[in-house]
Amino acid sequence: MNYVFLLESAKSLLQDSPNNLSLLSNASAFIKDNFDNLNWVGFYLFDGTKLTLGPFQGKVACEIIHPGRGVCGTAYVTKETQVIPDVHAIDNHIACDAASMSETVIPIMNHGEVWGVFDLDAPITNRFDEEFVDFLQKYVEILTKYIDFNKSLI
Ligand code: SME
């Protein structure tokens, strides 16, 4: 996988989005489209008390996740990327899609606060190696530049 090329393509795609809804919609589609073995790619956005379902690609998912709950809620509370090689090996995992075997969640930060999280599920264990996670974090850095934090989606 040519991560450098994909990051350049991502910049071109994301820089011209007219609003956050369009931006996050295409941001999830871009990753789902370009990688195999991902069954869910999308966003949960913090509404002041909880994470709520945002634009995504994949099966129907839970709409509300409270801070501390599941992998997303853990990323929210810790403000750190969560990489779970085997979701069945941990207690604090919310199973939205039974096919999910591994998961990565990356917080999207705005002035030290979590604005939302980028959540990726894979139908195989150990999907997220160091190189892929590094790419995804860089992708979120690019994405973050184009989010209009003065406007909300929710
Ligand atoms: N597995 C997540 C819930 C969201 S779904 O993966 C789309 C979690 O444990 O927070």
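Residues numbered from 1 in each chain as written. Predicted model: local features only at pLDDT ≥ 70, side-chain atom pairs only at ≥ 80, totals over all residues. Heavy atoms only, no water.

The name an unreviewed UniProt entry gives the protein chain is Free methionine-R-sulfoxide reductase, with Acholeplasma hippikon as the organism. In its Sequence similarities (unreviewed entry) section, UniProt records this for the protein chain: "Belongs to the free Met sulfoxide reductase family." (UniProt positions renumbered as here; feature names shortened; annotations may be inferred.)

Enquirer: Would you mind showing me how to read the site of the ligand here?
Expert: In the vicinity of the ligand lie 13 residues, with V71, C72, I94, E103 and D121 positioned nearest. Between H93 and the ligand, the recorded distance is 3.5 Å, taken from a side-chain N or O atom to a nitrogen atom. Note that an oxygen atom of the ligand is positioned 3.3 Å from one of the side-chain N or O atoms of D119. Here the ligand loses 100% of its free accessible area of 300 Å² to cover by the protein chains. (Near = heavy atom within 4 Å. Polar contact = N/O pair within 3.5 Å; in protein donor to acceptor, adjacent residues only side chain to side chain. Areas by Shrake-Rupley, 256 points an atom, 1.4 Å probe, with all protein chains shown as cover.)

Enquirer: I'm lost on the UniProt feature "domain: GAF" (unreviewed entry) in the protein chain in this one. Help?
Expert: Those places that UniProt annotates as "domain: GAF" (unreviewed entry) correspond, in this numbering, to residues 39-141. Secondary structure content for residues 39-141 is 20% helix and 38% strand, and the end C-alpha separation is 23 Å. (Helix = DSSP H or I, 4+ residues; strand = E, 2+ residues; numbered from the N terminus.)

Enquirer: I would appreciate a short explanation of the sheet that holds strand β3 (residues 64-65) in the present structure.
Expert: Sheet strands pair by backbone hydrogen bonding; their relative direction is either parallel or antiparallel. Here six strands make up an open sheet; going across it, the order is β3-β2-β1-β6-β5-β4 and the pairing antiparallel. Only two strands of the sheet have a single partner each, and these edge strands are β3 and β4 (82-84). Sitting on the sheet, helix α3 (residues 70-78) touches β1 (40-46), β2 (51-58), β3, β4, β5 (102-110) and β6 (113-122), and the angle it makes with β5 is about 35 degrees. Set on the sheet, helix α4 (residues 130-146) makes contact with β1, β4, β5 and β6; between it and β5 the angle comes to about 30 degrees. (Pairing = 2+ DSSP bridges. Contact = heavy atoms within 4.5 Å. Axes fitted to C-alpha atoms, helices over the stretch in contact; angles between N-to-C directions.)

Enquirer: Looking at this structure, I do not really get unusual backbone geometry. What am I missing?
Expert: In this structure, N37 takes a positive phi of about 55 degrees despite not being glycine. If you trace the backbone, N37 turns up in the loop between α2 (20-34) and β1. You will see that H111, though not glycine, has its phi angle at about 50 degrees, which is positive. Looking at the secondary structure, you find H111 in the loop between β5 and β6. Judged by relative accessible area, which is 79%, H111 ranks as exposed. (Buried < 20%, exposed > 50% of the residue type's maximum accessible area, 1.4 Å probe, protein only.)

Enquirer: Honestly, the packing of α2 against α4 in this entry has me stumped. Any pointers?
Expert: When two helices pack together, you describe them by how their axes are tilted relative to each other and by the distance separating the axes. Following both chains from N to C, one finds α2 and α4 inclined at 160 degrees, their axes separated by 11 Å at the closest point. Between α2 and α4, the angle falls in the class roughly antiparallel. As for the relative orientation of α2 and α4, their crossing is right-handed in sense. Of α4, the residues touching α2 (which contributes N20, L23, L24, N26, A27, F30 and I31) are F135, L136, Y139, L143 and Y146. Broken down by class, the residue content of the contact of α2 with α4 amounts to ten nonpolar, two polar and no charged. (Parallel < 35°, antiparallel > 145°, perpendicular 65-115°, else oblique. Left-handed = near helix turned anticlockwise from the far one by under 90°. Nonpolar A, V, L, I, M, F, W, Y, C, P; charged D, E, K, R; others polar.)

Enquirer: Honestly, α2 in this entry has me stumped. Any pointers?
Expert: Residues spaced three or four apart along an α-helix face the same direction, because each turn holds 3.6 residues. With 15 residues, α2 should cover 21 Å at 1.5 Å per step; its first-to-last C-alpha distance of 21 Å lies within 8% of that length. Inspection of α2 places N20, L23, L24, A27, S28, A29, F30 and I31 among the buried residues, and these make up the whole buried set. N-cap assignment for α2: the residue whose side-chain oxygen lies 3.0 Å from the backbone N of L21 is N19. (Expected span 1.5 Å × (residues − 1).)

Enquirer: Explain empty space enclosed by the protein to me, please; I cannot follow it from the model alone.
Expert: Empty space among the atoms becomes visible once a probe the size of a water molecule is rolled across them. Across all of its chains, the model carries one cavity of 30 Å³ or more by this definition. Of the volumes computed, that of the largest cavity is approximately 110 Å³. Together, 14 residues line the largest cavity, and C72, I94, C96, E103 and D119 are the ones closest to its centre. Contributing elements (two or more residues each) for the lining of the largest cavity: β1, α3 and β6. Examining the composition of the lining of the largest cavity, we find that three residues originate from one element, α3, more than from any other. Looking at the lining of the largest cavity, its residues break down into nine nonpolar, two polar and three charged. (1 Å grid on protein atoms, 1.4 Å probe; cavity = no way out; pocket = protein on both sides within 12 Å on 5 of 7 lines; lining within 4 Å. Points joined across faces, edges and corners; volume = space filled by probe spheres on them.)

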